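# Observations on chain architecture
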Amino acid sequence: MKLLTSAFSTRVGQRLLLSLLIASLTITMTTLAWILALDYNQGKTNVTNNLSRLEESYRSSLAISLWNFDEQQLMAQMQGFLNFEGIEYVVLRSKDFGDLESGTPLTEPDFDYQFDLIHSNASQSIHLGKIEIQGSFSHVRQTVLKHGVQLAAVQLITTLVIAIVLMLLIHLHITRHLQHLGNWARSFSIARPDNKPYLRRNRRKARKDELDTLVEAFEWMQQTIVSDTTQQEIATQALSYTHEQLNMAIENTELGYGKYRVKEGKLEINRNFCQQLRITQSELDQLENPLHRILERIQGDQAETQRERIYQLLQGRVRRVRGDFRVLKFNGQDGYLEISFHAFSFHNNQPEEVIICCSDRTSEMNGRIQLQELSARMEASLRSQREDFQHELLEKTNKLNRVEREQARVSQRLASLQHRRIFETLEALLNSASEAVIQCRQCDNNSQNQAHQLTLAHRALALIASADQQPFDLVLHIRKQLEQALGNELVKVRSQFPRTLIITSNAAVIDYILDQLVVYPAQQLGLKAEQLSLGLELQDQLLIMRLAWQDDSHHLDTLFPFPSRELCADLSEMELRGNLQFEEANGLLSAVITIDLDG
């Protein structure tokens, strides 16, 4: 017990014990945190895997129950979800039942999992709704916390036992010898050179360790101190002589030099320093706390900051302060001094003496100020000239803008007149085409074919003359036109459309092109809906509509006869700001319409 008390009574033992405990606890806590993090992540992974298996197991049965409108079965299955670990709330969102909920919704769930319910048959897949699952990892956290408390308790006990054993060993082999050597060092004196250090233990001299090396170092130090004391006395005399020579050299230069004793509040400066401050040494000695009186004369924007730095040096917080100071000299003149304060000879972290070196830079700073004033005047002159030039440039720019606006109004009037003449010409052509159609319908079959061609041309001219540009949903519009033309056969068409696509154009032009490329082959040539494929694709600002008929018995000339193909191409270029191309390959007759949406 006495050995244990001695081991823990030493400061080294206490610090070692504290260090051992801190290091061990740090490593233990880090390892424990890593283990708990792995356990927590594994728990979260298990929950996630359970959700995936839950989706695989229940997706098809839920879809069948929802397809059969079996609400009771759905609620039973959703209630079964809550039996899985971590799941707190389940909701089924569908158009038929709305939102079917089971469990308690969470305001801040740890995870939110959802999957779609799709009913598939031989011909199509129908999206019926989706399942949303909310849950928390509270059970995982509780398990991890319980495991962590157990591990922490075991590690803490192990750490304490190891620390106590190590402390006893360290005291037995190290600290008790260090205490003995410390007692010897406190009784050490140069007057007793025969008092040599030793260790209280029985060890053979051939097996030396670090403590033996320390004892030998103390013996060498004892001998060295005696010899160094003699050399120090010689060096002190040489330093005193050098100090006198240095003072003489400083006096012969223009450098101001001074020494401030902090405790006494006394400032000693040389003749150059007195001349720079415009004060004599006797006048300075009459001042109470002369250094603070000098600091009060610091002026300028940085005066408070500079004084604060010097006060920090006097408090021992900094060792050196150097800078340019604007000082009001004792004769009332402004001066600029480069001063360096250096603290040394500390006691209890407080400086006892401060060395001050000063150089007068008043003439240099006055010249720099005059140069800055000259630069400011030149900059003001240049600024005035630049403002005059910018004002003149602004006036000329305004005149140029007025000329451009006038030119734009003139161009707009000319364009209006040109459009008016074009529409008058188109109206006359429409009237002539209408009369020709009426005459041709009263003639034979050949003339009736020509009347059909004139009808197509008349309808195309009417579309060009109308210029009816309105926004509409292109996908919805195409579906309606195909439904009117094909009826129930529409479901057999192979189509690939986006959900919606709003464009601004003439919807009648789209109707005209669909009549010639889809309705005519279906109604006049007897092609089936399953032979037709349609698709819309958006690439940057280009809309590409692909239309294809799978038919080996017709060619482009019979499937899209004159003049429908040429009229559709002209309308695509004039009204849709795009182009129409026809292709024929391996029994696939296709038309590709490109529409410029940014035109």
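For the structure, check the block above.
Starting afresh in each chain, residues are numbered from 1 along the sequence in its written order. Local features are withheld for residues below a pLDDT of 70 in this predicted model, meaning they are given only at 70 or higher, and side-chain atom pairs are given and counted only at 80 or more; totals for whole chains, interfaces and linings count all residues. Hydrogen atoms and water are omitted, and side-chain values are computed over all heavy atoms in the structure.

## Concerning the overall build of the protein chain
In plain terms, the rule: Going along the chain from the N terminus, every DSSP run of H or I of four or more residues is numbered as a helix, and every run of E of two or more is numbered as a strand. The classification of residues rests on relative accessible area computed with a 1.4 Å probe and restricted to protein chains. Under 20% of the type maximum is buried, over 50% is exposed, and intermediate values are partly exposed. Contact between two residues is taken to exist if any of their heavy atoms lie within 4.5 Å; hydrogens are not considered. Note on areas: Shrake-Rupley, 1.4 Å probe, and residue coverage restricted to the protein chains presented here.
When you go through the protein chain residue by residue, the secondary structure sums to 15 helices and 17 strands. Taking all 599 residues of the protein chain together, 33% fall into the buried category. The long-range share in the protein chain, meaning contacts at least 24 apart out of those at least 6 apart in sequence, stands at 59%. If you sum the accessible surface of the protein chain, you get close to 38,600 Å²; carbon and sulfur atoms cover 52% of it.

## Description of the pattern of salt bridges
Heads up, the condition is: Take a side-chain nitrogen of Lys or Arg and a carboxyl oxygen of Asp or Glu: if they are within 4 Å of each other, that pair is a salt bridge.
A full pass over the atoms with the stated rule returns 15 salt bridges. Of the charged contacts in the structure, one is a salt bridge between R546 and E537, with a shortest N-O distance of 4.0 Å. A network of salt bridges, in which partner residues are shared, links R93, D99, K130 and E132.

## Concerning the pairing of strand 9 (residues 334-347)
This is how the line gets drawn: By this definition, two strands are paired if DSSP reports at least two bridges between them.
Bridging between strand 8 (residues 320-328) and strand 9 involves 9 bridges; their strand directions are antiparallel. Residue L328 lies in a different strand from strand 9, and its bridge partner there is D334. Connecting the antiparallel pair strand 8 and strand 9 is a turn made up of 5 residues, with G332 showing a positive phi of about 90°. Hairpin connection, strand 9 to strand 10 (residues 350-360): the antiparallel pair is bridged by 2 residues, and N348 has positive phi, about 55°.

## Observations regarding the sheet that holds strand 16 (residues 578-585)
Where we set the bar: Angular values range over 0 to 180 degrees, each being the angle between N-to-C directions of two axes fitted as lines to C-alpha atoms, with helices fitted over their stretch in contact.
Reading across the sheet, the 5 strands line up as 12-14-15-17-16 and stay open at both edges, with mixed pairing between neighbours. A strand with exactly one partner marks an edge of an open sheet, and here the two such strands are strand 12 (494-496) and strand 16. For this sheet, the mean angle separating the axes of adjacent strands, direction not counted, is 15°. Pairing geometry for strand 16 and strand 17 (residues 588-596), over 8 bridges, is antiparallel. Within strand 17, the residue paired with E583 across the bridge is S590. In this fold helix 13 (residues 507-524) packs onto strand 14 (532-539), strand 15 (542-550), strand 16 and strand 17, with an angle of close to 15° to the strand it touches most, strand 15. Lying over the sheet, helix 15 (residues 564-574) contacts strand 16 and strand 17, oriented at roughly 145° with respect to strand 16.

## Let's talk about the packing of helix 13 against helix 15
Applied cut-off: Any angle between 65 and 115 degrees counts as roughly perpendicular, while under 35 counts as roughly parallel, over 145 as roughly antiparallel, and the rest as oblique. Put simply, a crossing is left-handed when the front helix is turned counterclockwise from the back one by less than a right angle, and right-handed when it is turned clockwise. Classification convention: Asp, Glu, Lys, Arg as charged; Ala, Val, Leu, Ile, Met, Phe, Trp, Tyr, Cys, Pro as nonpolar; all other residues, Gly among them, as polar.
Direction vectors running N to C along helix 13 and helix 15 enclose 155°, while the axes themselves pass 10 Å from each other. As summarised for this structure, helix 13 and helix 15 are arranged roughly antiparallel, according to the angle between their axes. The handedness of the crossing between helix 13 and helix 15 comes out as left-handed. Between helix 13 and helix 15, the contacting residues are V509, Y512, I513 and Q516 on the first element and S564, L567, C568, L571 and S572 on the second. Counted by class, the contact of helix 13 with helix 15 contains 6 nonpolar, 3 polar and no charged residues.

## A word on the packing of aromatic side chains
Selection criterion: Only centres within 6.5 Å qualify two rings of Phe, Tyr or Trp (six-membered ring in Trp) as a pair; their planes then separate them into stacked at under 30 degrees, edge-to-face at over 60, and tilted for everything else. When the NZ atom of lysine or the CZ atom of arginine is within 6 Å of a ring's centre and also within 35 degrees of its normal, the charge is said to sit over that ring.
Here the structure, examined in full by the defined rule, presents 2 aromatic pairs. Here F325 and F341 contribute two aromatic rings whose centre-to-centre distance is 6.2 Å and whose plane-to-plane angle is 80°, an arrangement assigned as edge-to-face. Linking F325 in strand 8 with F341 in strand 9, this pair joins segments that are 16 residues apart in sequence. Since its relative accessible area comes to 5%, F341 is described here as buried. The positively charged end of R297 is found above the aromatic ring belonging to F330, 4.3 Å away from the centroid.

## What to know about the sheet that holds strand 2 (residues 98-103)
Strand order across the open sheet formed by 4 strands is 2-1-4-3, with antiparallel pairing between neighbours. Each edge of the sheet is formed by a strand with only one pairing partner; in this case those strands are strand 2 and strand 3 (111-120). Averaged over all pairs of adjacent strands, the angle between their axes in this sheet comes to 20°, without regard to strand direction. With 7 bridges joining them, strand 1 (residues 87-94) and strand 4 (residues 125-135) adopt antiparallel strand pairing. Each residue of the ladder has a partner; that of V90, found in strand 4, is I133. Across the sheet, helix 3 (residues 71-81) touches strand 1, strand 2 and strand 4, and the angle it forms with strand 2 is around 40°.

## Considerations on the packing of helix 12 (residues 474-486) against helix 13
Each packed pair of helices is defined by two parameters, the angle between the axes and the distance between the axes. Their axes nearest at 10 Å, the elements helix 12 and helix 13 cross at an angle of 35°. The hand of the helix 12/helix 13 crossing is right-handed. On helix 13, the residues touching L474, H477, I478, Q481, L482, A485 and L486 of helix 12 are A507, I510, D511, L514, V518, V519, A522 and Q523. For the contact of helix 12 with helix 13, a count of residues per class yields 11 nonpolar, 3 polar and 1 charged.

## Structural notes on the nonpolar core
General note: in soluble globular proteins, nonpolar side chains tend to be found buried as a group. Put simply, the test is: Note on terminology: a nonpolar core comprises buried Ala, Val, Leu, Ile, Met, Phe, Trp, Tyr and Cys residues joined through side-chain atoms within 4.5 Å.
Counting residues in each nonpolar core, the largest one holds 42 residues, and the members touching the most others are L474, I478, Y512, L536 and W549. Among the elements of the structure, helix 11 (445-466), helix 12, helix 13, strand 14, strand 15, helix 14 (556-559), helix 15 and strand 17 are those that each provide at least two residues to this core. Within the second largest apolar cluster, 27 residues are counted, among which are I269, F273, V321 and I356.

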